[in-house]
Amino acid sequence: MAVTIKSKREIELMREAGKILAEVHEKMADKVKAGMSSYEIDQICEKIIRGYGCEPSFLGYDGYPGSVCISINDEVVHGLPEKNKIIKEGDIVSLDTGVIYKGYQSDAARTLAIGEISKEAQQLIDVTEQSFFEGIKFAKAGNHLYDISAAIGDYAEKFGYGVVRDLVGHGIGTEMHEDPQIPNFRQNRRGMKLVPGMTLAIEPMINMGRPEVCLSENTNDDWTIVTEDGSLSAHYENTILITDGEPEILSLNK
């Protein structure tokens with residue numbers, strides 16, 4: 001699949017998809033509380049997305065059974081909605097979800113603190129979010145794709161964190177996952193040149209410990225990716241647009 005350059009009409013549709021997704025995340029952040037199951041969270045998220053007249057991007061994608069990936073503590077991504085998986089005070093919970101609006105996709109993730117969390121956990125969340133913003137300083141026409149990757153990884157690694165290497169960001173448009181793949185760590189090459197009209201999902205996944213990840217040992221779960229060393233992991237993602245100037249963050253309401 002080649003990298004798609006979006007027309008003005010497509011960009012408008014992706015702006016609307018992003019605006020809706022930003023509102024979905026804002027509403028979810030208010031609703032997720034200790035004592036809820038990840039199944040409940042998924043049901044709420046699907047209802048909110050459909051309330052905007054959108055389809056949940058993730059539901060049924062490659063067989064995924066939910067509308068939002070709910071990853072708790074050492075779960076990096078793709079945590080499943082389950083009735084017996086209960087959110088507790090002190091947990092950190094990553095919500096990764098997407099919407100389809102008139103055929104166009106937006107994808108974003110946030111990591112939430114549930115009640116009082118440790119200073120170390122809060123720093124991990126904050127650094128993961130900031131690493132995204134460090135990366136998109138380079139998301140400008142004329143720069144190269146891996147300039148973004150290097151800035152994300154270099155920032156997170158300054159704190160001694162492990163930057164996940166097995167999972168990457170991606171292009172996005174009518175498909176959730178389009179070319180190019182976007183690593184979150186420094187590469188040996190600069191990558192393709194960025195041009196206006198590219199839409200990208202930039203998503204640092206940062207571990208408090210080592211960068212290695214693996215599939216959950218739960219035999220009924222072919223989805224959930226966890227840190228190999230059991231350390232906490234945080235995830236922050238937005239869909240962005242490359243313009244003639246500064247990048248536009250489509251899935252973050254100003």
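Given the structure is predicted, the values throughout are model-derived calculations rather than measurements. (Residues numbered from 1 in each chain as written. Predicted model: local features only at pLDDT ≥ 70, side-chain atom pairs only at ≥ 80, totals over all residues. Heavy atoms only, no water.)

*Asks:* How would you sum up the layout of surface pockets? Please name residues and give values.
*Replies:* Counted as a void, the largest pocket has a volume near 410 Å³. Forming the walls of the largest pocket are 21 residues, and the residues nearest its centre are His-78, Val-168, His-170, His-177 and Glu-203. Counting residues per element, the ones that place at least two in the lining of the largest pocket are strand E7 (169-171) and strand E8 (178-182). Ranked by the residues each element gives to the lining of the largest pocket, the list is headed by E8, at three residues. (1 Å grid on protein atoms, 1.4 Å probe; cavity = no way out; pocket = protein on both sides within 12 Å on 5 of 7 lines; lining within 4 Å. Points joined across faces, edges and corners; volume = space filled by probe spheres on them. Helix = DSSP H or I, 4+ residues; strand = E, 2+ residues; numbered from the N terminus.)

*Asks:* Give me the sheet that holds strand E14 (residues 238-241): which residues, what numbers.
*Replies:* Here we have five strands laid out as an open sheet, ordered E8-E7-E9-E14-E15, and antiparallel in their pairing. Two strands close off the open sheet at either side, each with one partner strand: E8 and strand E15 (248-249). Alignment of E7 against strand E9 (residues 199-202), held across two bridges, turns out to be antiparallel. In the strand pairing of E9, His-170 is matched with Ala-201. Against the sheet, helix H4 (residues 145-157) touches E8 and E9, its axis set at about 40 degrees to E8. (Pairing = 2+ DSSP bridges. Contact = heavy atoms within 4.5 Å. Axes fitted to C-alpha atoms, helices over the stretch in contact; angles between N-to-C directions.)

*Asks:* Can you tell me about the environment of Ser-131, naming the residues and giving the values?
*Replies:* With respect to the helices and strands, the residue Ser-131 is situated in helix H3 (residues 119-136). A sequence separation of 21 residues divides Ser-131 from Ile-152, and the C-alpha atoms of the two residues are 4.8 Å apart. Beyond its immediate chain neighbours, meaning those up to four positions away, Ser-131 contacts Ile-152, Tyr-155, Pro-204 and Ile-206. Here Thr-128 takes part through its backbone oxygen, which lies 2.7 Å from a polar atom of the side chain of Ser-131. (Polar contact = N/O pair within 3.5 Å; in protein donor to acceptor, adjacent residues only side chain to side chain.)

*Asks:* How would you sum up the pattern of salt bridges? Please name residues and give values.
*Replies:* Taken as a whole, this structure holds 14 salt bridges when the rule is applied. Salt-bridge contacts for Lys-6 lead to Glu-178; the nearest nitrogen and oxygen are separated by 3.7 Å. Of this pair, Lys-6 sits in the segment before helix H1 (8-31) while Glu-178 sits in strand E8, placing them 172 residues apart in sequence. Where Arg-210 meets Glu-212, a salt bridge forms, and the shortest distance between an N and an O atom there is 3.2 Å. For Arg-210, a relative accessible area of 43% corresponds to the partly exposed category. Via salt bridges that share partners, Glu-12, Arg-15 and Glu-248 belong to a single interconnected network. (Salt bridge = Lys/Arg side-chain N within 4 Å of Asp/Glu carboxyl O. Buried < 20%, exposed > 50% of the residue type's maximum accessible area, 1.4 Å probe, protein only.)

*Asks:* Now, about unusual backbone geometry: what can you tell me, with residues and values included?
*Replies:* The amide bond that connects Asp-179 to the next residue, Pro-180, takes the cis arrangement and shows omega of 0 degrees. Even without being a glycine, Asn-73 presents a positive backbone phi close to 60 degrees. The topology assignment puts Asn-73 in the loop between strand E2 (68-72) and strand E3 (75-77). With a phi close to 50 degrees, Lys-102 is a non-glycine residue in the positive phi region. Within the secondary structure layout, Lys-102 lies in the loop between strand E4 (92-101) and strand E5 (104-113). Take Lys-102: its relative accessible area is 61%, and that puts it in the exposed class.

*Asks:* Account for the packing of H1 against helix H2 (residues 38-51), with residues named and values stated.
*Replies:* Following both chains from N to C, one finds H1 and H2 inclined at 145 degrees, their axes separated by 10 Å at the closest point. The way H1 lies across H2 gives a crossing that is right-handed. On H2, the residues touching Val-24, Lys-27, Met-28 and Lys-31 of H1 are Ile-41, Ile-44, Cys-45, Ile-48 and Ile-49. When its residues are assigned to classes, the contact of H1 with H2 shows seven nonpolar, no polar and two charged. (Left-handed = near helix turned anticlockwise from the far one by under 90°. Nonpolar A, V, L, I, M, F, W, Y, C, P; charged D, E, K, R; others polar.)

*Asks:* Residue-level account of the environment of Ile-125, with values.
*Replies:* By the element assignment, Ile-125 lies in helix H3. Taking the relative accessible area as the measure of exposure, Ile-125 reaches 8% and is therefore buried. With 98 residues separating them in the primary sequence, Ile-125 and Trp-223 have C-alpha atoms 23 Å apart. Those residues in contact with Ile-125 that lie beyond four places of it in its chain are Ile-92, Thr-111, Leu-112, Ala-113, Ile-117 and Ala-234.

*Asks:* Could you give an account of the pairing of E2, naming the residues involved and the relevant values?
*Replies:* Within a regular strand, the side chains alternate between the two sheet faces. For E2, a buried count of five out of five residues is recorded, marking the element as mostly surrounded by other parts of the structure. Along E2, one buried face is formed by Val-68, Ile-70 and Ile-72 and the opposite face, lined by Cys-69 and Ser-71, is buried too. Two strands pair when backbone bridges link them, and E2 and E4 are joined in this way by five bridges, in the antiparallel orientation. Bridged to Ile-70 within E4 is Leu-95.

That's the geometry; what it means functionally is another story.
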